[in-house]
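Now for the letters of each chain:
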Amino acid sequence: MKDSNQRLLLTVVLCMAVALVWSLVFQPKQQPRPAGQQTSPQPAQPPASAAPSPSGPSAGGGSAPAGGVPRGTPAPRPPERTVALDSEKLHVVVTSEGAALRSVQLKGEKFQRRKPGSAEVTQVDLVEQQPGVPPPLSTALRDGGGADLVPPDAPYEVVRQDGRSAVFRAVVGGVTILKTLTVDPRLYRVDLSVELRSDAALAGQLVVLSTGHGVAPSGGFFTGHTNTPARPICKAGNKLERLSVGDKQSSWDGPGPAAFAGIDEQYFIRAVVPPPGSPATCHIEAKQDGALLATLALPVSVPAGGTVSEPFVVYAGPKDTDQLGAVAPVLKDSVDLGFWSVIANVLLAVMKFFYRVVPPHNWGIAIILLTVTVKILTFPLQHKSMKSMQEMQKLQPQIEEIKKKYAGDQQRQNLEQMKLFKEHGVNPMGSCLPMLIQMPIWLALYTTLQVSVELYNSGFIPGWLDDLTAKDPYYILPVAMGITMVLTQVLTPTPMSNPQQKYMGYAMSVFFSLLMLNLPSGLTLYIFVNNVLSIVQQMWLRRNLRPPPASSQTLAVSPRRA
C-alpha cells in the first residue's frame, strides 16, 4: 500500500506539473492586432479606381450634376449620419452607412469596464468598429448568382426617427429598401424590419450580416476569464457551432434551417433571429486576420411593382438565460457550460437562490453558502473517510507483521492486506473519495465563472475582490488557501509506516497554490472556505473518533500455522 499510494500521489503531481508547463509555455499566445486596427476607423469609402457602383444615391435621377460635371458621373456619396436610440437597457447608435449598428452600449454599473491602471470607466460596447468591414446588421440583396444588387455598404437616408426607432431608405437600380430599427423599452432587443420594393420582378436572397473581431485563443485552464475571445456562432439544423481565429476549419455552413446567427463574446452575444418558419440559412467565418462574420441568408421573391417585408429579431446583451429566453427561447442554447453542464447548472441555481434571499445580495457570500451546502451534503462521506483512515492507523502493526512474514512475495502481501482490510471493514481508497467528489464541483464552478454573466463584474469585498471571475489581484486568497491545505495535511491521519505520504501532501499543497494564482478568485474562494470547513470537521471528528491509548493500539496477530 505504501508504494501504491506514493505512485498515485506522484502521478497526480506530475500531471498537474505537465498541465501548468503546457499552459504557461506551449499554449499559443494572444495575437496582437494589426497596427491599422488600433486607430479609430473611418467609414469605408469605395476605391477611386472602381467602376461606378450601382449603390449610388438615386436622388437626382439621370440629370447632369451642377457645376458642369459630365452626365453619367456618379453623384458624391452623402455624408454619414448617425441616429441614437435609447431604452432602459441599451444605448444604440445607428449609422446611415448600410443603416447598421455603429455602437451598442449596455447600461448599468454592472456593465462598466475600467481600463487597467486608469480611473477611466466605460460601458460595455458590443460593437467594435473595424476598417473595411461592414458594421453589424448591414444587409445585402443578392441575385440568384450571388452578385450584390444592393451592397452592404449602400448609403441610406434617414426618413424619420424618434428616441426608440429610426427608418432608413436606399434606392438602388429600381430597388427600394426600407430598414426600420426599433429598440425594446425593457429588453435587450432590437427589432429589424426590412421592406423591399422592386420595379421589376426579383428573386434572390436577403442577407443580414453580423461582424466582429477576434483573436486566437490563448492560455487554458490556468488563465483568467479574458482568454475566451469573440467567436462567430450559428445554430442550424439542431447543431450549434462556434469558430475561433486559428481553427483548422475557418468557415462553416449550417446543415439546415437557421435558428440564429451572430457574434459570441463569452459573457455577451449579438445574435439575429430570422422570421419564424423561414428557410433561412447561416454561414460563419473566422479569418486569420481576426475578422469575424456570421450571416443569415433568406430567400426572397418580389413581384414587379410589389413589396415584401421581412421581420428579424436582434438580441444584443448579456448571456443571461432569463433575458435570452424573454427575447427568443432558442437563444438560451448559446450559454454553453460544457461537459459539466449538469453540475454547473445546479451550482448556478443554488448561488442565484442565496444571492436573492440573503442580504446584502453579494455573490461572494453566495459562493460561501454554496460551499457550506456542499460540505453538509458530503459530511457522511467525509465522516466515513476519516473513520477509515483512523482504522488504517490501528491496523499498521498487523500490516507490518504481514510484510515481514511474506517478505519477497509482493502478491501474497497484497492478498493478505486486502483480506485484513475486508475483515475490519476498511476501505484503503476511502481517503480519496472526498477529493473525487470535489474535483467535478471545482471544474463545474470554474466553467460557471467563465460563462455565466451573473458573476461577471460581481465583487465580494470592494477594493480587493471586485470581480469574482478574475484572479485575486493581491494573491491573498491563493496564499491563504495554500496555508489551509497544509493545515489539512497536518490534521489528516497518516499510516505510521508511510510518513513520506505526509511530505508528498505538503508538496502538493504548495504546488496547487501556485496553480491557483491566475484562476478566478471565485473558485479560489470556494476551495479556501471548503478547506476551512474541512479543518473544523477534521478537528471535530478527531475528538469523536479519538484512538485508544497507545498501550492498547497494538493488536494481537494470531499465529498462522505453517
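Read on for a plain summary of the structure. Please read all numbers here as calculations on a predicted model, not as lab measurements. (Residues numbered from 1 in each chain as written. Predicted model: local features only at pLDDT ≥ 70, side-chain atom pairs only at ≥ 80, totals over all residues. Heavy atoms only, no water.)

Ordered by their spatial adjacency, 3 strands build an open sheet running E1-E2-E3, and the pairing between neighbours is antiparallel. Strands with a single pairing partner mark the edges of an open sheet, and in this sheet they are strand E1 (82-86) and strand E3 (100-106). When strand polarity is set aside, the average angle formed by the axes of neighbouring strands in this sheet is 15 degrees. As paired elements, E1 and strand E2 (residues 90-95) share 5 bridges and run antiparallel to each other. Bridge pairing links Val83 to Val94 in E2. (Pairing = 2+ DSSP bridges. Helix = DSSP H or I, 4+ residues; strand = E, 2+ residues; numbered from the N terminus. Axes fitted to C-alpha atoms, helices over the stretch in contact; angles between N-to-C directions.)

For the pair helix H6 (residues 396-405) and helix H7 (residues 410-423), the least separation of the axes is 9 Å and the interaxial angle reads 155 degrees. Classified by the angle their axes make, H6 and H7 are roughly antiparallel. For the pair H6 and H7, the crossing hand works out as right-handed. On H7, the residues touching Gln398, Ile399, Ile402 and Lys403 of H6 are Gln413, Glu416, Gln417, Leu420 and Phe421. (Parallel < 35°, antiparallel > 145°, perpendicular 65-115°, else oblique. Left-handed = near helix turned anticlockwise from the far one by under 90°. Contact = heavy atoms within 4.5 Å.)

With that settled, the discussion passes to the pattern of salt bridges. A side chain with one charge can pair with a side chain of the opposite charge if their charged atoms come near. Evaluated as defined, the whole model comprises 12 salt bridges. As a salt-bridge pair, Arg242 and Asp264 come within 2.6 Å of each other at their nearest N and O atoms. Of this pair, Arg242 sits in strand E14 (residues 239-242) while Asp264 sits in strand E16 (residues 258-264), and the two are 22 residues apart along the sequence. The exposure classification of Arg242 matches that of Asp264, with both residues buried. (Salt bridge = Lys/Arg side-chain N within 4 Å of Asp/Glu carboxyl O. Buried < 20%, exposed > 50% of the residue type's maximum accessible area, 1.4 Å probe, protein only.)

The next thing to look at is the pairing of E16. Note on strand geometry: in a regular strand, side chains alternate between the two faces of the sheet. Summarising burial for E16: 6 of the 7 residues are buried, a large majority. Note: strand E13 (residues 231-236) against E16, 6 bridges, orientation antiparallel. Its bridge partner lying in E16, Ile233 is registered against Gly262. Sheet topology note: the E16/strand E17 (residues 268-273) ladder contains 4 bridges and is antiparallel. Along E17, the bridge assignment pairs Gly262 with Ala271. The turn linking E16 back onto E17 is made up of 3 residues, and Gln266 within it adopts a positive phi angle of 70 degrees.

This next bit is on helix H3 (residues 341-357). Taking 1.5 Å per residue, 17 residues should reach 24 Å; H3 reaches 24 Å between its end C-alpha atoms and fits that length. Restricting attention to buried positions, one finds in H3 the residues Ala344, Leu347, Leu348, Met351, Lys352 and Phe354. In an axial view of H3, the angular spread of the buried residues amounts to 165 degrees, which keeps them on one side of the axis. Among the exposed residues of H3, those oriented more than 90 degrees off its buried face are Val342 and Arg356. (Expected span 1.5 Å × (residues − 1). Arc of directions from axis to C-beta.)

Moving on: the state of the cysteines. Scanning all chains against the criterion turns up 1 disulfide. Residue Cys234 pairs covalently with Cys282 via a disulfide, S to S 1.8 Å. Residues Cys234 and Cys282 are joined by a disulfide whose S-S torsion is about -85 degrees; by sign, that bridge is left-handed. Remark: Cys282 occurs in strand E18 (residues 281-286) and Cys234 occurs in strand E13; sequence separation between them is 48 residues. Note on Cys234: relative accessible area 0%, which makes it buried. (Disulfide = S-S within 2.5 Å.)

Okay, the packing of aromatic side chains next. The geometry of an aromatic ring pair is captured by the separation of the ring centres together with the interplanar angle, meaning the angle of the planes. Under the counting rule described, the total for this entry stands at 9 aromatic pairs. Measuring from centroid to centroid gives 4.9 Å for Phe339 and Trp340, while their planes differ by 90 degrees, and the two rings are edge-to-face. A relative accessible area of 25% places Trp340 in the partly exposed class. With a centroid separation of 4.4 Å and an interplanar angle of 15 degrees, the aromatic rings of Tyr355 and Trp363 are classed as stacked. Residue classification places Trp363 among the buried residues on the basis of a relative accessible area of 7%. Connected via pairs of aromatic rings, a cluster forms that spans Phe111, Tyr267, Phe268 and Tyr456. In this structure, Lys179 is placed above the aromatic ring of Tyr156, and the distance from its NZ or CZ to the ring centre is 5.7 Å. (Phe/Tyr/Trp six-rings, centres within 6.5 Å; stacked < 30°, edge-to-face > 60°. Lys NZ or Arg CZ within 6 Å of the ring centre and 35° of its normal.)

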